[in-house]
Amino acid sequence: THLHLHAIEASREMISGYGWLNALRIMQAVHQGDLDAACAMVDARHAGLDRARREVDETARALREVAAHWEPGARVRRRRGLRIGEVARRTGVRVSALRFWEQRGLLRPTRDEESGYRLYDDREVRNAQVVVLLRRAGYGFEAIRSVLDELAGGSPELALEALERRRRDLAQASRRCSAATSAFWEYARARERYTRRS
């Protein structure tokens, strides 16, 4: 019937915008007459995109903050790495702060096999400096973790380029999601009209 054809066309748009499994669940909810559940799933998809976009924006702002203080030539290498007290002095924070950030997964120093002391290599000292900078600028742990993940792939500039690509991908996903939502509502209204006539 015309309604079946409409369902297929709506499903194609919804799969493109919501993903196959989400589209299936939304269509099942519509066919079971549970429009509230279908709307909740649609809203969750839009909210997820909004959340991802805000995370990218916050990470980009934090990375620009890091880039303004980035010194590519700065070296802190020691043959066996720096101990926690040395890193605390170098970064101007307490040892307890470094331990806390390690507990939160922001820092990952190695351990000396003989003494058990924490050892910070070049990368971990740089990460500690980034954490200090962003905490002083008021950024939360999730944003800082995102920045450190991005910096693991290279310089702040490379990380910013990657974030810009991600922002473009999110914009495309948002357009597909909007088209899917339009198709969802058109189909839901058509099905409602069909049900009333039956």
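Residues numbered from 1 in each chain as written. Predicted model: local features only at pLDDT ≥ 70, side-chain atom pairs only at ≥ 80, totals over all residues. Heavy atoms only, no water.

S.K.: An account of the pattern of salt bridges is requested, with residue identities and associated values reported.
M.R.: Per the stated rule, a full pass over the model turns up seven salt bridges. The partner of Arg167 in a salt bridge is Asp57, and the shortest N-O contact between them spans 2.9 Å. Here Arg167, found in helix α8 (residues 156–197), pairs with Asp57, found in helix α3 (residues 35–69); they are 110 residues apart in sequence, far enough to count as distant. For Arg167, a relative accessible area of 23% translates into the label partly exposed. What makes Asp57 partly exposed here is its relative accessible area of 25%. Two residues, Glu142 and Arg145, come together in a salt bridge whose shortest N-O distance is 2.5 Å. Here Glu142 pairs with Arg145, and both are found in helix α7 (residues 141–151), just three residues apart, close to one helical turn. The structure contains a network of salt bridges with shared partners spanning Asp57, Glu164 and Arg167. (Salt bridge = Lys/Arg side-chain N within 4 Å of Asp/Glu carboxyl O. Helix = DSSP H or I, 4+ residues; strand = E, 2+ residues; numbered from the N terminus. Buried < 20%, exposed > 50% of the residue type's maximum accessible area, 1.4 Å probe, protein only.)

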